[in-house]
Amino acid sequence: MSKMITFNKETLEFHLTNGLISYLFRVIEKTSQLEHLYFGKAIRHRDNFQYLLEREIRPSNNQIEGDHTSSLEHIRQEYPSYGTTDFRTPAQQIRYPEGDRISDFRYDHHNILVGKPALTGLPATYVENRDEAETLEVVLKDTYSDISIHLFYTIFAGRKAIARSAKFVNNGEHEYDLESAMSLSLDFPDKNFELVHLHGAWARENHMERKPVITGIQAVSSARGASSHQHNPFMALVRPDTTEHTGQAYGFSLIYSGNFLAQVEVDTYQVTRAMLGINPFEFAWRLKPTEAFQTPEAVIVFSDEGLNGMSQTFHELYRTRLARGEWRDRERPILINNWEATYFDFNEEKILDIAKKAAELGVELFVLDDGWFGERHDDTSSLGDWFENKDKLPNGIKGLAEKIHALDLKFGLWFEPEMISKGTKLFNEHPDWLIHVPGKRTSHGRNQFVLDYSRPEVVDGIFAQMDALLSTSKIDYIKWDMNRYISEVFSIALPKEQQGEVFHRYILGVYSLYERLLDKYPHLLIESCAGGGARFDPGMLYYAPQAWASDDTDAVERLKIQYGTSLVYPLSSIGSHVSAIPNHQVGRMTSLDTRANVAYFGTFGYELDITKMPEKEHAKMKEHIAFFKKHRKLIQQGTFIRLQSPFTNNETAWMVVSQDKTEAIVGYYEVLAKPNRPYERLQLKGLEADKLYTVNSDLERYGDDLMEIGLILAGNYIDRASDYWSREHITDYNSKIFYLTEKQ
Ligand code: DGJ
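Novice: Tell me about the overall build of the protein, residues and numbers included.
Specialist: The number of helices and strands found in the protein is 13 helices and 39 strands. Taken over C-alpha atoms, the radius of gyration comes to 27 Å for the protein, in line with the 27 Å a tight globule of 744 residues would show. Oriented by its inertia axes, the alpha-carbon framework of the protein measures out at about 85 × 70 × 45 Å. Taking all 744 residues of the protein together, 61% fall into the buried category.

Following this line, the structure appears as structure tokens:
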């Protein structure tokens, strides 16, 4: 018996509601097409929602002769087509054998399923108990072909989120070409929105931008073969008065790691059409008889508690019902990675020196980064030869792993499994395994080429190499990197009419390798990475519960990167490390405290040669590690709240509150120091008004007082003028951490 999904047989209306949100649409009686009615905060159920219908006679093309209100241009839709009276961007396009693209999909039947079916070959949210969600499958049939489209809508109990996807099934004997297959389309009745999205580049990922929507089309996308540094597969539509804490926000997030399109189209009647899915540019799929095409899943979130409300819904869903496996709920190990410590220049002795010191200070995992395999001494060679370099590591990976474990550390290893360097054994054996167009130039990125993961034998070959290492050496963690984009896309294994499939098949190949590795080695913790955050997306999160957020480890730059990333992704997924000064990306000098205070809000780790640090800093590092161990459960599993944005302020602030509200940690960061400063306060959020909290063990404040009056940030020098003059020299890049715990 369905509790959250209702179908009214008389009015042909679907109402999906869990008491928090409502999603409403109907079947139009005359044409059997789907008409969208509402998505937002829950509204009470009615036996008839016909009063929501709006029809004006407008100059337009109409579907039905004699009927002047049957134009699809003026009807809000669920999964629109182009060419039969709607002139906006469609959710799907199919090219018929005759060459036209005119389809006519009509409601055929529907099923209401308890729980949520899995998506074959694709990452998706899931449930652990059947009563956590209900799924509506609406089957549309095309009048002009034997294709049916299955639209899936999952509503989750207790979450303000709906997961959507579409499946195209060819039930006939002809072949068709799918030229566009979006995961969702959603028509809003007005255009009173601003568009929020995340953009960036290498070393400055996930910067937040917010601009009013315009009449016309605005889009963010990727055509690079990865979700990319440039744009994240996410956008939000927010009301102009929406803040971090108040107002409506609609978040759209695609569970996919390849080319995507997130588009908003506002027409001249002020209808806003939001769309999300695989980028139709450079996409086509030959739908053969009896075959099906499943789109990736898109998640839409509604919030009436501002952007923080939206983020918290994404965090909870993605942390607990997208990420999976043994590491999902476990506290993540504090790691040290040798990349910025040594780059390619290391040997076993150097690695063990770093590891020894790290173990003494409380680090839990040592990660050996790039440069351990083949003849890799710089970035010009060896990718694809996944066997150790015995000059650097005379005892091999196996021997090194044993020594690292003997220090009571876990051992992690870097791979870049999708890449190939020329001159390698792999290249000599399989010169045709790289993505290239025969007879045309193939561009390199960081001197390397991309393996054709659309071919199962290529994925098999790399699996065999990784398996050989994983089955003989004790490896607890993998950092899976990907350091270039795909150009000259082509697969020699596919016929010319299927070349539009390569980008998507490539990503399916990547997912299948993840799947195989985790199947065989379920204890593995995988951290995804793509030159930093070029594939920080929900698709990866399904396999790798954490991702390296950026190659920029500067604490100040990280404020923006981590703030932006937190719009969608939980802290448990944000790889964040303390690195050396002067910082390797921007040369900035920040204190060890500030570097740690920023890195705490993520998975936390180190990425520097700690053997070169002064003893004094080692003592500090030990304190930081102890602090993080004590609080990481709260940080990684609590509710994260953004308080002040680095994009608009000199001061950034954020906090995490435990689920039971008995504890919280606040991070406050001031980029530039201020002379003769004003008194400043920081109003906290998410605490329990009646609880008495101890702040940094020396002050007692009630929750309401901390949320209404705020933390007092200025020092208190009453009767201590001399202290004032002798206080530590004020510098830029200051930060403070406040730990709040309920007084017992
Ligand atoms: C890019 C990654 O983001 C870095 O952390 C490091 O692993 C290098 N690649 C190694 O080549």
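Anyway, onward from the coordinates.
Novice: Lay out the site of the ligand in plain terms, naming residues and giving numbers.
Specialist: Lining the immediate surroundings of the ligand are 13 residues, of which Asp369, Asp370, Lys479, Asp481 and Asp551 lie closest. Here an oxygen atom of the ligand and a side-chain polar atom of tryptophan 548 are 3.4 Å apart. At a separation of 2.3 Å, an oxygen atom of the ligand approaches a polar side-chain atom of aspartate 551. For the ligand, whose free accessible area comes to 300 Å², the fraction covered by protein is 98%.

Novice: Tell me about the packing of helix 6 (residues 456-472) against helix 7 (residues 502-520), and please be specific about residues and values.
Specialist: It is at 10 Å that the axes of helix 6 and helix 7 come closest, and there the two elements cross at 30°. Here helix 7 runs roughly parallel to helix 6, going by the angle between their axes. Considering how the two elements wind past one another, helix 6 and helix 7 form a crossing that is right-handed. Contacts between helix 6 and helix 7 pair Val459, Asp460, Ile462, Phe463, Met466, Asp467 and Leu470 from the former with Gly509, Ser512, Leu513, Arg516, Leu517 and Lys520 from the latter.

Novice: Let's hear about the environment of tyrosine 693: which residues, and what values?
Specialist: Tracing the backbone through its elements, the reader meets tyrosine 693 in strand 36 (residues 692-695). Looking at tyrosine 693, the relative accessible area reads 0%, which means it is buried. Taking the C-alpha atoms as reference, tyrosine 693 lies 56 Å from isoleucine 28; in sequence the two are 665 residues apart. Within the structure, tyrosine 693 has its side chain in polar contact with the backbone nitrogen of glutamate 688 (distance 3.0 Å).

Novice: Just give me the short version of the side chain of arginine 484, but keep the residues and values in it.
Specialist: As for its placement among the helices and strands, arginine 484 is situated in the loop between strand 26 (477-480) and helix 7. Here the side chain of arginine 484 touches serine 443 through a polar contact of 2.9 Å, landing on its backbone oxygen. There is a polar contact of 3.2 Å between the side chain of arginine 484 and the side chain of serine 487. If we skip the residues at most four places from it in the chain, arginine 484 touches Met419, Ser443, His444, Gly445, Gln448, Phe449 and Val450.

Novice: I'd like a description of the sheet that holds strand 33 (residues 651-657), backed by residues and values.
Specialist: Strand order in the open sheet formed by 6 strands is 32-33-34-39-36-37, with antiparallel pairing between adjacent strands. Edge positions in the sheet fall to strand 32 (639-644) and strand 37 (699-702), since each of these pairs with one other strand and no more. The sheet shows a mean angle of 25° between the axes of neighbouring strands, taken without regard to direction. Bridge analysis of strand 32 against strand 33 gives 5 bridges, and the strand direction is antiparallel. Residue arginine 642 lies in a different strand from strand 33, and its bridge partner there is tryptophan 654. Packed onto the sheet, helix 9 (residues 555-565) meets strand 32, strand 33 and strand 34 (663-670) and runs at close to 45° relative to strand 33. Helix 10 (residues 592-599) contacts strand 34 and strand 39 (734-742) of the sheet and is inclined by roughly 50° relative to strand 39.

Novice: So, helix 7: which residues are in play, and what are the values?
Specialist: In a regular helix each residue adds 1.5 Å, so 19 residues correspond to 27 Å; helix 7 covers 27 Å between its end C-alpha atoms and thus fits that length. Of all the residues in helix 7, the buried ones are Val502, Phe503, His504, Tyr506, Ile507, Gly509, Val510, Tyr511, Leu513, Tyr514, Leu517 and Leu518.

Novice: Give me the lowdown on the sheet that holds strand 30 (residues 577-579), citing residues and values where you can.
Specialist: Strand-to-strand pairing in sheets goes through backbone hydrogen bonds, with the strands running parallel or antiparallel. One open sheet accounts for 9 strands, arranged 29-28-27-26-23-22-21-31-30; its pairing is parallel. One side of each edge strand has no neighbouring strand; the edge strands of this open sheet are strand 29 (574-575) and strand 30. Here strand 23 (residues 410-415) pairs with strand 26 via 4 bridges, running parallel. Bridging across to strand 26, leucine 413 finds its partner in isoleucine 478. Along the sheet, helix 3 (residues 348-361) makes contact with strand 21 (335-337) and strand 22 (365-368), crossing strand 22 at roughly 160°.

What counts and what doesn't
- Residues numbered from 1 in each chain as written.
- Predicted model: local features only at pLDDT ≥ 70, side-chain atom pairs only at ≥ 80, totals over all residues.
- Heavy atoms only, no water.
- Helix = DSSP H or I, 4+ residues; strand = E, 2+ residues; numbered from the N terminus.
- Rg over C-alpha atoms; globule rule 2.2 N^0.38 Å.
- Buried < 20%, exposed > 50% of the residue type's maximum accessible area, 1.4 Å probe, protein only.
- Near = heavy atom within 4 Å.
- Polar contact = N/O pair within 3.5 Å; in protein donor to acceptor, adjacent residues only side chain to side chain.
- Areas by Shrake-Rupley, 256 points an atom, 1.4 Å probe, with all protein chains shown as cover.
- Axes fitted to C-alpha atoms, helices over the stretch in contact; angles between N-to-C directions.
- Parallel < 35°, antiparallel > 145°, perpendicular 65-115°, else oblique.
- Left-handed = near helix turned anticlockwise from the far one by under 90°.
- Contact = heavy atoms within 4.5 Å.
- Pairing = 2+ DSSP bridges.
- Expected span 1.5 Å × (residues − 1).

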